[in-house]
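Structure assessment
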Amino acid sequence: VHEVITYKPSTLPAIHYDPDTTEPISCSLKSLDELLSWKRQEASLFNVATVPLASRYPPLHSCPRRTLVSHDMMGGYLKDRFIQGAEVETPYAFYHWEYIDIFNYFSHQMVTIPPAVWTNAAHKHGVLSIGTFITEWTDGAKTCEAFLADEESYRAAADKLVQISHCYGFDGWLINIENVLSESAVKNTGPFLRYLTDQMHERVPGSVVIWYDSVLKNGSLDWQNKLNDDNRMFFDACDGIFTNYNWTEQSLEWMKSYSAAQGRFADIYVGVDVFARGVVVGGKFETNKALKLIRKYEFSTAIFAPGWVYECHEKADFRQNQDKFWSLLSDYLYIHRPSSSLPFISSFCQGFGKSLYWRGQVEMKRSWFNLHAQEIQPLYLSENMDDGGWLRTRGCSEDAWIGGSSLMVEGMIPSGRSEVCARIFSLHVPLATRTFVSFVYKPPVGVKISLELKTIDGPLCTFDGMEEIAREWSFRCFLLKMIGCLLREVCIRVSRDGGDEDICFNCRIGEIMLLDAESLQAPLRSVEGICVNDVVWHKGDGHTQSKVLLNATLRWQYPTPQVCHFRIHWRRPRGPDPRIPPGPLTLIGRSYSTLYRVVELEVPAAPGLIELVVEPVSREGFRVPEAQWGRRTLSYSASSSENPSV
């Protein structure tokens, strides 16, 4: 590839790329015109979710009481809009996925498209990701009069919503009409919902369309805080209703006996505002009081703005407050078990950290946030025992095996007790006849650690094992031989190493991996078809004006289910003088798909020659031989207008 350097303004669409740096960003659509003029060929490839929806047990349609989380934080599209991640010291992230069924990305912009980072993290855990279609105030009323004018108009709007969801890989919509509707508009709202729901089910199997309790059948705006005759026409036309927040126990009791609710209790998501605005039950750290009542009457729940634990408290205490919040709710939530086939791998990364680690070594020393990197999350527990002992698991960014965090298992074994056991995963995963297991941890002082796998339907199970200590990390490997085994729980057992006094402990778990041993024999593929597009040149700012900064998009082909991530490098190739060796590989960043935007990369002055390199890292953590990496050489020269002597 050859480029002539010209310092012209970027022609990349500002809706998809940061106008200053050309970083790819997620965005919303702000008007009906933007919605109706949306074209698939103009969509952002970077914002397409790449992780398919994982299986879990029980599946959504079998859950009698579901939990929806509506993520509303300071207008949305904050640092999470940067698709390749951002440098953030104390970001907000959600990681209690095992408790929820549906994740809704909410903002007050008309068509809220979930950033791909959220959809990928949700899908990895088997959770649906849905966007928001919202109209409000006077402008919202005008919008509704336009798209609900007749059948042709509402079908055109619905078709675009379906196309957007299908294109970007998310799973449906929350429909939030918070303005008065005319008689003709409200008459078409039910058919609009039915058409949208039917089309979503056809194009995106397993998707959902949920109505927010706001407008009534006569077109007035009057939140009911329950399902009743005034709003049931909307409920009947879609997959569920998200009630407003000012309900009482009496309204729940009435709703349970309401005829339209019969057989559909799971489709009634009783709203809980964590900020506790208005007259509500619970909220804040008493949200459990609301859930206790909601579950008493056998309804689903919609938890609105649980980011309260981040927005209204010290950012440094975020993990502690988030774990406390969800621990208080845990008695009223249902643990969903991942049920995909092997491999099952987690390094416990929560999608952010103080440094980026690879096999226990710092690969990049700076704070970062990228939910693409989030691994399957464990159960975060906090347990106090009757005999004074206690046990807790939490994420920790002070050290990690891979990614940005590890799992800390800590507690106290009281006198008279020999051991404690922490359940860290609940699963429904069939094991292979020969299953390879690896367990990476840092040995604690004064106690012994063991990995415990609990199975069902396992008449025969034997294992061979080995242990290797690499620097501070211990690495245990086992080969399990079994017939017809289903893995149900993964536990960490901590036992005394002598003595009978109270003993406190903390143990850092780096990774747990279970593989079909046969997959270890599969050949590794080569990166193919690497190309460079959308090149933009910048000059360095201020005292670095003489520096040349490259921005470019790399695309390549590789079977993504085989990789953990790709490492993107650059270097100066050999020559042209054969006595000059090639420069060292310099890491630019990681990609979690077959697409990467190189941003503000300082390269040698023109004329120049650099090599861009794509290194796949297998899901098992193996480095692929360098001969199978992808490479593209980029030569560049100054334009005559930039350098008259050329």
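Values in this document were obtained by computation on a predicted structure and should not be read as measured data.

1. Regarding the pairing of strand S34 (residues 608–618)
Where burial is concerned, most of S34 is hidden: ten out of the eleven residues are buried. In this sheet, S34 lies alongside strand S31 (residues 563–571) in antiparallel orientation, the contact comprising eight bridges. In the sheet register, Ile568 faces S34, and the bridge partner there is Val614. Pairing of S34 with strand S35 (residues 630–638), which is carried by seven bridges, proceeds in the antiparallel orientation. Note on S35: the bridge partner recorded for Leu612 is Arg632.

2. Looking at the side chain of Thr135
Within the element layout of this structure, Thr135 appears in strand S6 (residues 128–136). For Thr135, the side chain forms a polar contact with the side chain of Asn179, separated by 2.7 Å.

3. A word on the pattern of salt bridges
One pass over the full model with this rule turns up 31 salt bridges. In this structure, Asp267 and Arg66 form a salt bridge, with 2.9 Å as the shortest nitrogen-oxygen distance. Residue Asp267 is found in the loop between helix H7 (249–256) and strand S10 (268–273), and its partner Arg66 is found in the loop between strand S2 (56–57) and strand S3 (67–72); the two are separated by 201 residues along the sequence. Of the two residues, Asp267 and Arg66, both sit in the buried class. Where Glu286 meets Lys289, a salt bridge forms, and the shortest distance between an N and an O atom there is 3.3 Å. Under the relative-accessibility criterion, Glu286 is labelled partly exposed at 42%.

4. Remarks on the UniProt feature "domain: Cytosolic endo-beta-N-acetylglucosaminidase TIM barrel" (unreviewed entry) in the chain
Those residues carrying the UniProt feature "domain: Cytosolic endo-beta-N-acetylglucosaminidase TIM barrel" (unreviewed entry) are residues 77–355 in this numbering. Structurally, residues 77–355 comprises 35% helix and 18% strand, and the distance from its first C-alpha atom to its last is 24 Å.

5. Quick word on the sheet that holds strand S29 (residues 528–539)
Ordered by their spatial adjacency, three strands build an open sheet running S29-S30-S33, and the pairing between neighbours is antiparallel. Here the strands that pair on one side only, and so sit at the sheet edges, are S29 and strand S33 (595–603). Strand-to-strand twist across the sheet, computed as the mean angle between neighbouring axes with direction ignored, equals 20°. Sheet topology places strand S30 (residues 548–557) next to S33; seven bridges connect them, and they run antiparallel. Within S33, the residue paired with Arg555 across the bridge is Leu595.

6. Quick look at helix H2 (residues 116–124)
With eight of its nine residues buried, H2 lies for the most part within the structure. Burial in H2 covers these residues: Ala116, Val117, Trp118, Thr119, Asn120, Ala121, Ala122 and His123. Buried positions along H2 lie against S3, strand S4 (102–106) and S6. Count one or two residues on from H2 and you reach Gly126, which has phi positive near 80°.

7. Some details on the packing of H7 against helix H8 (residues 287–296)
Remark: H7 packs on H8, axes separated minimally by 10 Å, with the N-to-C direction vectors making an angle of 20°. By the angle class used here, H7 and H8 are roughly parallel. Crossing of H7 over H8 shows right-handed handedness. Across the interface between the two elements, Glu249, Leu252 and Lys256 from H7 touch Leu293, Ile294 and Lys296 from H8. Considered class by class, the residues forming the contact of H7 with H8 number three nonpolar, no polar and three charged.

About the thresholds
In every chain, residue numbers begin from 1 and rise along the written sequence. This being a predicted model, a pLDDT of at least 70 is required before a residue's local features are given, and a value of 80 or more before pairs of side-chain atoms are given or counted; all residues contribute to the totals for chains, interfaces and linings. Side-chain figures throughout are based on the complete set of non-hydrogen atoms in the structure, without hydrogens or water. Buried residues are those whose accessible area, probed at 1.4 Å on protein chains only, stays under 20% of the maximum for their type, while exposed residues exceed 50% and partly exposed ones sit between those limits. Strands here are runs of E lasting at least two residues and helices are runs of H or I lasting at least four, both read from the DSSP assignment and numbered beginning at the N terminus. When DSSP finds two or more bridges between two strands, those strands count as paired. N or O atoms within 3.5 Å of each other form a polar contact, as long as, within protein, one can give a hydrogen and the other can take it, and as long as residues adjacent in sequence are counted only when both atoms are side-chain atoms. In what follows, salt bridge is the name for a side-chain nitrogen of Lys or Arg lying within 4 Å of a carboxyl oxygen of Asp or Glu. UniProt positions are given in the numbering used here, feature names are shortened, and annotations may be inferred rather than shown by experiment. Each axis is a line fitted through C-alpha atoms, taken for helices only over the stretch in contact, and angles between the N-to-C directions span 0 to 180 degrees. By the convention used here, residues are in contact when the closest approach between their heavy atoms is within 4.5 Å. For classification purposes, angles smaller than 35 degrees are called roughly parallel, those larger than 145 roughly antiparallel, those between 65 and 115 roughly perpendicular, and all remaining angles oblique. In this scheme the handedness of a crossing depends on how the near helix is turned from the far one: anticlockwise by less than a right angle means left-handed, clockwise means right-handed. We call Asp, Glu, Lys and Arg charged. Ala, Val, Leu, Ile, Met, Phe, Trp, Tyr, Cys and Pro are nonpolar, and the rest, Gly among them, are polar.

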